[in-house]
Amino acid sequence: MTKRTEKVLMPLIAVFLGFLLGSIIVISTGRSPVSMFSAMIRAVTGIDLVNGMSFNPRYIGEFIIQSMPIILTGLAFAFASRTGLFSIGAEGQLMVGSLAATAVSLLVVAPAAVHVPLVLLAALLAGALWGGIPGLLKARFNVHEVVVTIMMNYIAFHLNNFTILNVFGSVDRVKTAFFPQSALLKDPMLESLTNGSRLNWGFVPVILALLAFSFIINKTTFGYSLRAVGYNKEAARYAGMKVNRNIILSMMIAGAFAGLAGAVITNGTFNFGRALPASEGYGFDGIAVALVGANEASGILFAGLLFGMLKAAQPLMQSQGIPKEIVGIIQASIVLFVAMQYGIKMILDKLASKKNASAEGGQE
Amino acid sequence: MKATLILEMFPIALMFASPIIIAALGGLFSERSGIVNIALEGIMMVGGFAAASVTVLLEPSTPLAPWIGLLVGIAAGIAMSLLHAFASINLKANQVISGTALNILAGGVTIYLSQIIFHQQRTRSFSNGIQKMTVPGLSKIPLLGKMFFIENYPTFYIAVALVLITWFLVYKTPFGLRMRSCGEHPQAAASMGINVAGMRYIGVLASGALAGLAGGVMVLTADIQYTIMSIHGTGFIALASLVFGRWNPFGVLAAGLFFGFSTALSFYAKDITFLAKLPSEFFYMLPYIFTIVALIFFAGKSVGPKAAGEIYDSGKR
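Conventions adopted
- Residues numbered from 1 in each chain as written.
- Chains lettered and ligands numbered in written order.
- Predicted model: local features only at pLDDT ≥ 70, side-chain atom pairs only at ≥ 80, totals over all residues.
- Helix = DSSP H or I, 4+ residues; strand = E, 2+ residues; numbered from the N terminus.
- Rg over C-alpha atoms; globule rule 2.2 N^0.38 Å.
- Contact = placed C-beta atoms within 7 Å.
- Axes fitted to C-alpha atoms, helices over the stretch in contact; angles between N-to-C directions.
- Parallel < 35°, antiparallel > 145°, perpendicular 65-115°, else oblique.
- Left-handed = near helix turned anticlockwise from the far one by under 90°.
- Nonpolar A, V, L, I, M, F, W, Y, C, P; charged D, E, K, R; others polar.
- Buried ≥ 20, exposed ≤ 12 C-beta atoms within 10 Å, placed from the backbone.

**Student:** Mind showing me how you'd approach the overall build of chain B here?
**Tutor:** Across its full length, chain B carries 13 helices and 0 strands. Counting helices and strands in the order they occur from the N terminus, chain B gives α-α-α-α-α-α-α-α-α-α-α-α-α. Taken against the 2.2 N^0.38 rule, which gives 20 Å for 317 residues, the C-alpha radius of gyration of chain B at 20 Å falls within 12% of a compact globule. Along the three orthogonal principal directions, the C-alpha set of chain B runs to about 60 × 45 × 40 Å. Long-range pairs, those at least 24 residues apart, make up 77% of the contacts in chain B with a sequence separation of at least 6.

Right, here's the structure in full:
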């Protein structure tokens, strides 16, 4: 097996096994996997296979908006990963991003052509700052980024709730005042095109982010030195690369992707800032997306759409009598199978060598 | 601040501290044996769900239901950690990824089963969790009696007992020495004939048992049912306590008490003049901020197990 096919094949096997396990669980708890898969198909295509092939484009719109933030958090995890860092911090970076987006939306008065870019920029910078802190601690004190980013997530979560509730003021202890029209990514045209879904222009920053990721990592000297640090820190240092600077910058860029996701959610999916009862798991979704996408932009796009489809199918499954949490189970098992790929590889190699052995045996 | 207020805070602070301490001890076993376990949160969720469900279902037939619930919580935690052990020891999976998968899995599995068993997004509520108790005799001791032995949950005593047991096992027995050597330098341990994989299995399964117990303790003392919000990050606070307590049982006890009190303080802050102005979110943030500060402080000193998180390669020098 070549490295390249292995990189594509392994996640596909993991996805297949995840769906298989999910189906087994659905069957063993007395539900029908057919309705589970038809819910998924309906979430992507808008076509209801079970009840008379009716078509509703609203589902397609909802499917896309579910995919957008997790593609961005996937890019965040993957970018740090390419530099050999393990950042679990996308969740918190996303929250400070949405907080910054809320602040700029409510406090700045500007025409849309200025306001929207300002919102996105603020979210991006806030995420970069939040990601930069664990980066700095890693570079300066060699503090492990996993624990720090987890802690930063909770700090961001409480900071967000505090600011929303006490600074911007909420009507109902849940959300701020509505944002002015000029700050929104929403567009009545996109909404009516998809029969009243929440589809918005958020996909533009998502596509730009995918392109930026691919460009920085693959086409720039900077990206090359980031990857070099990821492969072998000491060798990179010996080759004269600025390892510490790369670690900080990599965490900042990763944070920027996640921060942007915050703006896409607050100013696209919603039009107000939100105090949250619990974190919403976009960061963990991003880890799953990046792992399945093998830390490549193209892979992350597909994996993001896959998991976005699963999220969008949740209400449809629930209405079919399948507990929507099956999606979490499928997602977790896919991640687990990706983590177990060494074992899967061993099994595949064993099968391959058996095949070879029997082929050789035949020749004699 | 009145002294009575501090005394009043004790039962509630100890209630919050107990699951933190127990789960952190779980993390200690796992990391001392060389396997990072960030799935403490997820295992606590599964343990809490199992304990709550069993309590609800057995309540009509036996008054011991919550205690049976805790045992089932332990079993569920062990089952969950078995996945982590298999993935990270046998299949050499990245331990953080495997832990992340378990954390996602826990939210899915517990609510999925709630829907199947109870037809709702949470378990049914139990009428009696674990009851508070006053220790006869000890409660008469001046001051200390009021702090620790009047109207407290017995789960705190379990937590303290587990701290002592862990300390003894990990630091005073040949078994503990062998386990720690697997977390420091597994190749060296293997050369002395220690079964590294076996030791690590014990470490991870112990973490599953303890985190499962912690989840059960938390739900059966601080809650009336299991919901997706029941554990709300306590597993990560336990992870923080492990770091803050320098991977040492008594350190873990102190850190757990500290975080328990900071949680309790957020409830009482409005009664304390110089704290009343601070928002409750401030207190929620404290454990996390302190942990980061502690990490910076420990930086460069070899505090944690050296090989924790590394994939074991028996051929490496």
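Once you've had a look at it, read on.
**Student:** How should I be thinking about unusual backbone geometry in this particular structure?
**Tutor:** For N142(A), which is not glycine, the phi dihedral falls at a positive 55°. One non-glycine residue, K92(B), lies in the positive phi region at around 50°. By the secondary structure assignment, K92(B) is in the loop between α3 (65-90) and α4 (95-118).

**Student:** I would appreciate a short explanation of the packing of helix α3 (residues 58-82) of chain A against helix α13 (residues 297-319) of chain A in the present structure.
**Tutor:** Working note: a packed helix pair is described by the angle between its axes plus the distance between those axes. Residues and elements named next belong to chain A. In the contact formed by α3 and α13, the axes pass within 7 Å of each other and the chain directions differ by 130°. Relative to α13, α3 is oriented oblique. Considering the relative orientation of α3 and α13, their crossing is right-handed. Within the contact between the two elements, α3 uses Y59, E62, F63, Q66, S67, I70, I71, G74, L75 and A78 and α13 uses I300, L301, A303, G304, L305, F307, G308, M309, K311 and A312. Split into classes, the residues belonging to the contact of α3 with α13 amount to 13 nonpolar, 5 polar and 2 charged.

**Student:** Mind showing me how you'd approach the interface of chain A and chain B here?
**Tutor:** Size of an interface: often given as the accessible area lost when the parts come together. Contacts between the two partners involve 35 residues from chain A, matched on the other side by 42 residues from chain B. Listing elements by their share of the side of chain A that touches chain B, those giving two or more residues are α5 (112-141), α6 (145-169), α12 (282-292), α14 (326-339) and α15 (341-363) of chain A. Looking at the side of chain A that touches chain B, the element that brings in the most residues is α6(A), giving 11 residues. Taken together, the residues that form the side of chain A that touches chain B break down as 26 nonpolar, 8 polar and 1 charged.

**Student:** Sorry if this is basic, but what is going on with the environment of F63(A) here?
**Tutor:** Residues and elements named next belong to chain A. Positionally, F63 belongs in helix α3. With 25 C-beta atoms packed within 10 Å, F63 lands in the buried category. If sequence neighbours within four positions are ignored, F63 has contacts with A43, V44, G308, M309 and A312.

Coordinates in, geometry out; function isn't part of it.
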